[in-house]
Amino acid sequence: MAFLLSELFSYLSSAMKKTYFVVLLLFASFSLICAAEDGSAFQLHLLPAKKIVPSFSTNARAHRTSIAKNFSSNVLTASFGGIFPLADVSLFNSKFQNSLGATVYNSLMNPENHLHVITTDFFVDWLFDVPITDLFIIRFGPGHSSQHLTDDAIEIYKEHSLNYAREYFQLFGYYKLNATNGFVYGGVYDNYSFKISSAVPNGYIFEFGGEAFSTRLNNQLFAYTGLDIKYRSEVNYGASQNYQIGIRYNGEAGNTTRIALNYQTGFEERGQYYNQKIDVINVGLYLEY
């Protein structure tokens, strides 16, 4: 938890984040002035209870709290975090939701009933979700990820650490599939600052996914299938793929709890092993709050 908070505060204190906060402050000030002068509607609702965009659940590095176990090895993957709505803003009949996503992922090995922490990966995103229609929402905002080997990997397994870090701006579209109780999404991460030990060309990650087949079991319980595919510039746009089937419980505030079986193939999600390929099946418990 302390590592995640440190990473979050470092990210939010950067010069770019200060610029964004100034822009948001100016926007709020301008809106209040307009509302006072001509009666136009401006509403600011802090800390809303409901998210307007759910977690991209089939993304193997979505913001959430989770634990997953590989069937083919003694590797566990655990995460702690989520997406937290900060404000709902309405101005001139236009609305958006501002949220903060922060999650730390760990991969652990359990060779003799004693957990060894191998990697620690941080993800922080400052998100703006703008509804275009009742079904279509645009998401954009800056983000940061740094991904590390931990002491156990270096001291016990004698692995060599990379300096892997990305600063990026993301742009996504999200579309609700009401007919199937699912959704699809697609977009791009523009890595404007990227290091793998030293600076590398600032490429892109293209990501597509969703839950296209979802069967209602009762009012809030669904069986579903989904997928997530990322094409990464650092491996010549090779793919990291996750195919998922599971049971999902939908909470009233847009939150979900799920148990799912995953088939992951293609390039590693962990930055320390970014150019290695995997082909694994795991089962996980996911809390997306």
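Conventions we followed
Residues numbered from 1 in each chain as written. Predicted model: local features only at pLDDT ≥ 70, side-chain atom pairs only at ≥ 80, totals over all residues. Heavy atoms only, no water. Core = buried A, V, L, I, M, F, W, Y, C linked by side-chain atoms within 4.5 Å. Buried < 20%, exposed > 50% of the residue type's maximum accessible area, 1.4 Å probe, protein only. Helix = DSSP H or I, 4+ residues; strand = E, 2+ residues; numbered from the N terminus. Contact = heavy atoms within 4.5 Å. Pairing = 2+ DSSP bridges. Salt bridge = Lys/Arg side-chain N within 4 Å of Asp/Glu carboxyl O.

K.L.:
An account of the nonpolar core is needed here, citing residue identities and associated values.
P.N.:
Core analysis: the largest hydrophobic core is formed by 10 residues, namely Val53, Phe56, Ile137, Tyr168, Phe172, Tyr174, Phe183, Tyr185, Tyr189 and Ile205. Of all the secondary-structure elements, those providing two or more residues to this core are β7 (164-177) and β8 (182-196). Residues contacting Ile137, with those up to four places away along its chain left out, are Ile52, Val53, Asp129, Val130, Pro131, Ile132, Phe172, Gly173 and Tyr174. Judged by nonpolar contacts, the second largest core, of 9 residues, contains Ala87, Leu91, Phe96 and Leu100.

K.L.:
Please set out unusual backbone geometry residue by residue, giving values where relevant.
P.N.:
Glycine aside, a negative phi is what most residues show, and trans is what most peptide bonds show. A positive phi angle is found at Lys158, which is not glycine, with a value near 55°. For Lys158, the location among the structural elements is in the loop between α3 (151-155) and β7. Here the phi dihedral of Asn236 falls at roughly 55°; this positive angle occurs in a residue that is not glycine. The residue Asn236 is located in the loop between β11 (221-232) and β12 (238-250) in this model.

K.L.:
How would you sum up the pairing of strand β3 (residues 75-91)? Please name residues and give values.
P.N.:
Across the 17 residues of β3, 12 count as buried, placing the element largely inside the fold. Of the strand pairs in this sheet, strand β1 (residues 42-46) and β3 are connected by 5 bridges, and their pairing is antiparallel. Residue pairing in the sheet places Gln43 in a bridge with Ser90 of β3. Inspection of the sheet shows strand β2 (residues 65-70) paired to β3 by 4 bridges, in the antiparallel sense.

K.L.:
I'd like to hear about the environment of Ala179, residue by residue, with values.
P.N.:
Along the polypeptide, Ala179 turns up in the loop between β7 and β8. Along the sequence, Ala179 and Ala212 sit 33 residues apart, while their C-alpha atoms lie 9.6 Å from each other.

K.L.:
Go over the pattern of salt bridges, please, and point to the residues and values.
P.N.:
Where side chains of opposite charge bring their charged atoms close, a pairing between them can arise. In this structure the tally under the stated criterion is 10 salt bridges. Here Arg258 and Glu211 are joined by a salt bridge, their closest N and O atoms 2.8 Å apart. One end of the pair, Arg258, is in strand β13 (residues 256-267); the other, Glu211, is in strand β10 (residues 204-216), and 47 residues separate them in sequence. A residue is classified by how much of its surface remains accessible, and Arg258, at 2% relative accessible area, is buried. The exposure class assigned to Glu211 is buried, which follows from its relative accessible area of 1%. Here Glu288 and Arg258 are joined by a salt bridge, their closest N and O atoms 3.1 Å apart. One end of the pair, Glu288, is in strand β14 (residues 277-288); the other, Arg258, is in strand β13, with 30 residues separating them in the sequence. By the burial criterion, Glu288 is buried, and Arg258 matches it. The network of salt bridges with shared partners includes Arg64, Glu211, Arg248, Arg258 and Glu288.

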